[in-house]
Amino acid sequence: MKYWKKYSKEKLIARIDEALASTIDFQNSKHLGYPVSKLDENVFNTSGAFLKDSPLLKSFIANPNNIGCHTLGKSEPAFKGSQELEKEVIKVLAVDIFKANENEYDGYIATGGTEANIQALWIYRNLYKKEFNATLDEMVILSSIDTHYSVNKGSNLLSVDNVQIPVDFNTRELITEELDKIVSNLIANGKKYFMVISNMATTMFGSVDNPDVYAEILTKHKVPFKIHVDGAFGGFIYPISNRKSTINFENPNVSSITIDAHKMLQAPYGTGVFLCRKNLIENVLTKEAQYVDGMDLTIVGSRSGANAIAVWMILFSYGYYGWFEKINTLLLRTEWFCNQLDDLGIEYYRNEFMNIVTLKSAYVPEDLAKKFGVVPQTHEGDNHWYKVIMMDHVEIDDLLKFINELKQV
């Protein structure tokens, strides 16, 4: 790893203190033109000795606004410190994890995977309008039936049709013949420009799509396409556990990627990541934001600098090898759980590089599922699957209790 290092606690605190020193100080400075301030002292406890060793709490109190995309052009100078830490996070993720070339990427800390997925669709919709004078009814989004519902939100917001591709019930793989047939029909009905959401660990199954399957079929049909990888859950585990993965920026078919820091990375909620290749994000420049020093290229505009600092802090607390060890601990628990299910003859789905195990509902009584908080595929109508996710709080003892009760039924 070129940039992903492990820092001591002292160095982490020093770097964050340095960043906050380069951020506007509303305590001691009178900046008359900013519609923002530190946390209200009449409501929140913003002082105390405990803050000395609590850099994240200090960051929330300082309340930096990381508006803009700091990998491109100028940024608001008032929040320079937190922006620099965000740029370091984006560099680690783009270069070290997803194998982008130096300075050939853009990205920012989003509010979550939903925003990041919609950001990608927004970029591609505008790109097609700009480069091809495409109309909305000539564009279409392709995604599997297992894809996160944020794609439906994006389809609705952007007025671009979303067409779902069926998957095999047991393997959760795209049915290639159906994809080919659907693309042919869409083209016959006037669709010319394609946006693809390819999954790196679906929400329910942890299943991983092969983006090259989409690329081969769309190339065969000679239509323009862009592929966005939704790695909201898998982005912080799949590239680590599968060192041979080609779902990254070395793959010319991949244009952008979503990762969620508030899932595997356990950052505060409202912390996702959007990454893309250079010369794409400019398609969503909001030219009207003229009072912003720099370019507003994001959906939400104002963003929490404290959340960016939280992601930086987690990454550099672990370093690559510390994170590798943590991921492998979770994978070992997953293997143990699968072995128990095998012994019981219970059918399930699991991607070998992921920490999600999804059991066929016929083997899990509903009252047992509720008792242990396993998540159903749907809360309405017939349910076909229940999922278990191996996270830090899910230990072998917890899994054993579940297994023992399964044995009884």
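Anything mentioned here points back to the structure above.
Throughout what follows, the structure given in this document is the object of discussion.

The rules behind each value
Residues numbered from 1 in each chain as written. Predicted model: local features only at pLDDT ≥ 70, side-chain atom pairs only at ≥ 80, totals over all residues. Heavy atoms only, no water. Helix = DSSP H or I, 4+ residues; strand = E, 2+ residues; numbered from the N terminus. Expected span 1.5 Å × (residues − 1). Buried < 20%, exposed > 50% of the residue type's maximum accessible area, 1.4 Å probe, protein only. Pairing = 2+ DSSP bridges. Contact = heavy atoms within 4.5 Å. Axes fitted to C-alpha atoms, helices over the stretch in contact; angles between N-to-C directions. Phe/Tyr/Trp six-rings, centres within 6.5 Å; stacked < 30°, edge-to-face > 60°. Lys NZ or Arg CZ within 6 Å of the ring centre and 35° of its normal. Salt bridge = Lys/Arg side-chain N within 4 Å of Asp/Glu carboxyl O. Parallel < 35°, antiparallel > 145°, perpendicular 65-115°, else oblique. Left-handed = near helix turned anticlockwise from the far one by under 90°. Nonpolar A, V, L, I, M, F, W, Y, C, P; charged D, E, K, R; others polar. Right-handed = clockwise from strand over helix to strand, strands pointing away.

Helix length check: helix 4 (residues 113-132) (20 residues) gives 28 Å between terminal C-alpha atoms against 28 Å at 1.5 Å per residue, within 8%. Taken across its 20 residues, helix 4 has 15 buried, putting it largely inside the fold. A positive backbone phi angle near 55° is found at N133, which sits one or two residues after helix 4.

Two modes of strand pairing occur in sheets, parallel and antiparallel, and in both the strands are linked by backbone hydrogen bonds. Spatially, the four strands line up as an open sheet ordered 8-9-11-10, and their pairing is antiparallel. Each edge of the open sheet is held by one strand with a lone partner, namely strand 8 (348-349) and strand 10 (375-376). As paired strands, strand 8 and strand 9 (residues 356-360) are joined by two bridges and run antiparallel to one another. When the bridges of strand 9 are listed, Y348 appears paired with L359. Sheet strands touched by helix 9 (residues 305-344): strand 8, strand 9 and strand 11 (385-389). Its angle to strand 9, the strand with the most contacts, is close to 20°.

Further remarks concern the packing of aromatic side chains. By convention here, two paired aromatic rings are described through the distance between centres and the angle between planes. Within this structure, the stated rule accounts for 18 aromatic pairs. Ring centres of Y7 and W312 lie 6.0 Å apart, and the angle between their planes is 50°; this geometry places the pair in the tilted category. Pair noted here: Y7 is in the segment before helix 1 (9-21) and W312 is in helix 9, with a separation of 305 residues, a long-range link. For the pair formed by Y7 and W312, the shared burial category is buried. Through a chain of ring-to-ring contacts, three or more aromatic side chains come together here, namely W4, Y320, Y321 and F324. Its end group placed over the ring of Y7, K11 keeps NZ or CZ at 4.3 Å from the ring centre. Stacked on the ring of F205, the Lys or Arg R172 has its end atom at 4.0 Å from the ring centre.

Attention now moves to the pattern of salt bridges. Summed over all chains, the structure comprises 19 salt bridges. Among the ionic pairs, K87 bridges to E84, the shortest N-O distance being 3.6 Å. Of this pair, K87 and E84 both sit in helix 3 (residues 80-97), separated by three residues, roughly a single helical turn. K87 sits in the partly exposed class, given a relative accessible area of 33%. Note on E84: relative accessible area 34%, which makes it partly exposed.

It is worth spelling out the pairing of strand 7 (residues 272-277) at this point. For strand 7, a buried count of five out of six residues is recorded, marking the element as mostly surrounded by other parts of the structure. Pairing of strand 1 (residues 105-110) with strand 7, which is carried by six bridges, proceeds in the antiparallel orientation. Residue pairing across strands places A110 opposite G272, the latter belonging to strand 7.

Two elements in contact, helix 3 and helix 9, have axes separated by 9 Å at closest approach and are oriented at 50°. When the axes of helix 3 and helix 9 are compared, the pair comes out oblique. Judged by the sense of rotation from one axis to the other, the crossing of helix 3 with helix 9 is left-handed. Two secondary-structure elements touch here, helix 3 through S82, L85, E86, E88, V89, V92 and L93 and helix 9 through G305, A308, I309, V311, W312, L315 and F316. Among the residues making up the contact of helix 3 with helix 9, the classes are represented as 10 nonpolar, two polar and two charged.

The geometry of helix 4 relative to helix 5 (residues 150-158) is characterised by a closest axis approach of 9 Å and an angle of 40° between their N-to-C directions. The angle between helix 4 and helix 5 places the two elements in the oblique class. In the crossing of helix 4 with helix 5, the sense of the turn from one axis to the other is right-handed. When helix 4 is examined against helix 5, the residues T114, N117, I118, L121, W122 and R125 are found in contact with a partner set consisting of S150, V151, K153, G154, L157 and L158. For the contact of helix 4 with helix 5, the residue count by class is six nonpolar, four polar and two charged.

Turning next to the pairing of strand 5 (residues 225-231). Within strand 5, five of the seven residues are buried, leaving the element largely enclosed by the surrounding structure. The β-α-β motif built from strand 4 (residues 193-199), the intervening helix 7 (residues 211-220) and the parallel element strand 5 has right-handed crossover chirality. Relative to strand 6 (residues 254-260), strand 5 runs parallel, the two being bridged by five bridges. Across the sheet, the residue bridging to D230 is T258, located in strand 6.

Judged by pairing direction, the sheet is mixed, and its seven strands sit side by side in the order 1-7-6-5-4-2-3 without closing on themselves. The open sheet terminates on both sides in strands that have one partner only, identified here as strand 1 and strand 3 (161-165). Averaged over all pairs of adjacent strands, the angle between their axes in this sheet comes to 20°, without regard to strand direction. Pairing between strand 2 (residues 139-144) and strand 3: five bridges, direction parallel. Note that in strand 3 the partner of V140 across the bridge is D161. Taken strand by strand, helix 3 contacts strand 1, strand 6 and strand 7, and its axis lies near 120° from that of strand 1.

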